Amino acid sequence: DLLHALHRRWIAVYDAMQEEDFARLFIHPEYDEPQTLDRHAQLYGWHSRHHVAHITGLRQREGW
């Protein structure tokens with residue numbers, strides 16, 4: 001439920017943004033270079049799919 005609520009909020013933010021907003025830069029503490037919001041959104045999507053793959057694999061291995 002918590003993750004679903006977080007994703008709903010991200011969608012609301014992204015829907016409110018204009019295309020040029022995604023080119024804006026911000027400083028992320030884990031990267032040396034400024035990041036665009038577009039790159040951040042893409043990385044978040046990849047990261048989410050990556051975690052789902054881990055969970056799916058575990059469920060398959062354990063027969064859950």
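For the structure itself, look to the data block above.
If you're wondering where the values come from, they're calculated on a predicted model, not measured in any experiment.

**Looking at the overall build of the protein**
Line of reasoning, step 1. Scanning the protein from N- to C-terminus turns up two helices and two strands.
Line of reasoning, step 2. Counting from the amino terminus, the protein carries its helices and strands in the arrangement α-β-β-α.
Line of reasoning, step 3. Relative to its length of 64 residues, the protein is extended, with a C-alpha radius of gyration of 15 Å against a globular reference of 11 Å.
Line of reasoning, step 4. Referenced to the eigenvectors of the C-alpha coordinate spread, the extents of the protein come out at roughly 45 × 30 × 15 Å.
Line of reasoning, step 5. In the protein, buried positions account for 8% of the 64 residues.
Line of reasoning, step 6. Sequence-distant contacts, at least 24 apart, represent 27% of the contacts inside the protein between residues at least 6 apart.
Line of reasoning, step 7. About 5800 Å² of surface is accessible on the protein, with carbon and sulfur atoms providing 57% of the total.
Line of reasoning, step 8. Put simply, the protein has 7 plus and 10 minus side-chain charges, and the middle of one group is 9 Å from the middle of the other.

**Considering the packing of helix 1 (residues 2-16) against helix 2 (residues 37-62)**
Line of reasoning, step 1. Direction vectors running N to C along helix 1 and helix 2 enclose 155°, while the axes themselves pass 13 Å from each other. Viewed along their axes, helix 1 and helix 2 adopt a mutual orientation that is roughly antiparallel. With respect to the hand of their crossing, helix 1 and helix 2 are arranged in left-handed fashion. Contacts between helix 1 and helix 2 involve Leu3, Leu6, His7, Trp10 and Tyr14 from the first element and His40, Ala41, Tyr44 and Ser48 from the second.

**Quick word on the packing of aromatic side chains**
Line of reasoning, step 1. Per the stated rule, a full pass over the model turns up three aromatic pairs.
Line of reasoning, step 2. Centre to centre, the rings of Trp10 and Tyr44 are 5.9 Å apart; their planes meet at 45°, and the pair counts as tilted. With Trp10 in helix 1 and Tyr44 in helix 2, this pair connects stretches of sequence that are 34 residues apart.
Line of reasoning, step 3. Assessed through its relative accessible area of 27%, Trp10 is described here as partly exposed.
Line of reasoning, step 4. Taken together, a centroid distance of 5.8 Å and an interplanar angle of 45° make the contact between Tyr14 and Phe22 tilted.

How each quantity is defined
- Residues numbered from 1 in each chain as written.
- Predicted model: local features only at pLDDT ≥ 70, side-chain atom pairs only at ≥ 80, totals over all residues.
- Heavy atoms only, no water.
- Helix = DSSP H or I, 4+ residues; strand = E, 2+ residues; numbered from the N terminus.
- Rg over C-alpha atoms; globule rule 2.2 N^0.38 Å.
- Buried < 20%, exposed > 50% of the residue type's maximum accessible area, 1.4 Å probe, protein only.
- Contact = heavy atoms within 4.5 Å.
- Areas by Shrake-Rupley, 256 points an atom, 1.4 Å probe, with all protein chains shown as cover.
- Lys, Arg positive; Asp, Glu negative; His and termini not counted.
- Charge placed at Lys NZ, Arg CZ, Asp CG, Glu CD.
- Axes fitted to C-alpha atoms, helices over the stretch in contact; angles between N-to-C directions.
- Parallel < 35°, antiparallel > 145°, perpendicular 65-115°, else oblique.
- Left-handed = near helix turned anticlockwise from the far one by under 90°.
- Phe/Tyr/Trp six-rings, centres within 6.5 Å; stacked < 30°, edge-to-face > 60°.

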